[in-house]
Amino acid sequence: MEDSEPTQHFGGIINYFGGARINHFTINYGNNKKPQDNNTEYHAQQPAEAPGNDGEVSAAQVAAALSRCRDYLWGNAAYAVAFCVCRDVYGWPNNAAGFERQMQLQGISMPPGTIHSAISRNRYMRMPVDKWEKNGAMQRVLAMKEQFMEQMEAATHEAGESSE
C-alpha cells in the first residue's frame, strides 16, 4: 500500500487565487480621486475644519439659503447640488451623510443616502462645481447651483452684519 500525505484543502479566498498568499490587503471605499487629475487624491485636498462648527458658513446659513431656493428644488436629489457647492466653495468636508444629518437638525429632512445616490448617478457631481457645465450638467442643476450660491452669499453677508 502506498504511503500518501494527507492533502490540505484550502477554501475561500486562497482557492480563488490558486493558493497564493495575501500579505497585504487594502480596501478602497468610494472615489478618492478627482476624475480630471492623475494621481491626486481628492480627500487630501479637503480642509481640516468642519463646517457648521468653526467653518466659514454654518448649517443654519445653508438651511436659510436652501429655504430661499425652494422654487429651484425639483426633488430630494437637488440637495446634492447644495452639498457640492458647500463642499467645493465653502470648504465643507466631503461627507454627504454628515451634511444630511446637519440639515436634519436644521429642519430640512431627506431620506438617508439621498445625496450619495444623486452623486453616484451624476458623474459630474464628483467634479468641482465650476466644471459641471462642461461635463454635461442639466440646466436645472446649473440654475439651482447659481441660485444657491447667490443665496449663500446673502446668508453669509447677513450673518456678518449681525455679528458686528
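I will try to describe carefully the structure that is included in this document. (Residues numbered from 1 in each chain as written. Predicted model: local features only at pLDDT ≥ 70, side-chain atom pairs only at ≥ 80, totals over all residues. Heavy atoms only, no water.)

Quick look at the nonpolar core now. In this structure, Val 62, Trp 132 and Phe 148 are the most contacted members of the largest nonpolar core, which totals 36 residues. Counting residues per element, the ones that place at least two in this core are α2 (59–68), α3 (79–89), α4 (96–105), α5 (114–121) and α6 (139–163). Here Phe 148 is in contact with Val 62, Ala 65, Leu 66, Cys 69, Ala 82, Val 85 and Cys 86, once residues within four sequence places are set aside. (Core = buried A, V, L, I, M, F, W, Y, C linked by side-chain atoms within 4.5 Å. Buried < 20%, exposed > 50% of the residue type's maximum accessible area, 1.4 Å probe, protein only. Helix = DSSP H or I, 4+ residues; strand = E, 2+ residues; numbered from the N terminus. Contact = heavy atoms within 4.5 Å.)

With that out of the way, let us pick up the packing of α2 against α4. It is at 9 Å that the axes of α2 and α4 come closest, and there the two elements cross at 80°. As far as their axial angle goes, α4 and α2 are roughly perpendicular. Contacts between α2 and α4 involve Ala 59, Val 62, Ala 63 and Leu 66 on the former and, on the latter, Phe 99, Gln 102 and Met 103. Residues of the contact of α2 with α4, tallied by class, amount to 6 nonpolar, 1 polar and no charged. (Axes fitted to C-alpha atoms, helices over the stretch in contact; angles between N-to-C directions. Parallel < 35°, antiparallel > 145°, perpendicular 65-115°, else oblique. Nonpolar A, V, L, I, M, F, W, Y, C, P; charged D, E, K, R; others polar.)

Running from N to C, α4 and α5 point in directions that differ by 140°, and their axes come no closer than 8 Å. The pairing of α4 with α5 is recorded here as oblique in orientation. Residues Ala 96, Phe 99 and Glu 100 of α4 form the contact with α5, whose own contacting residues are Thr 114, Ile 115 and His 116.

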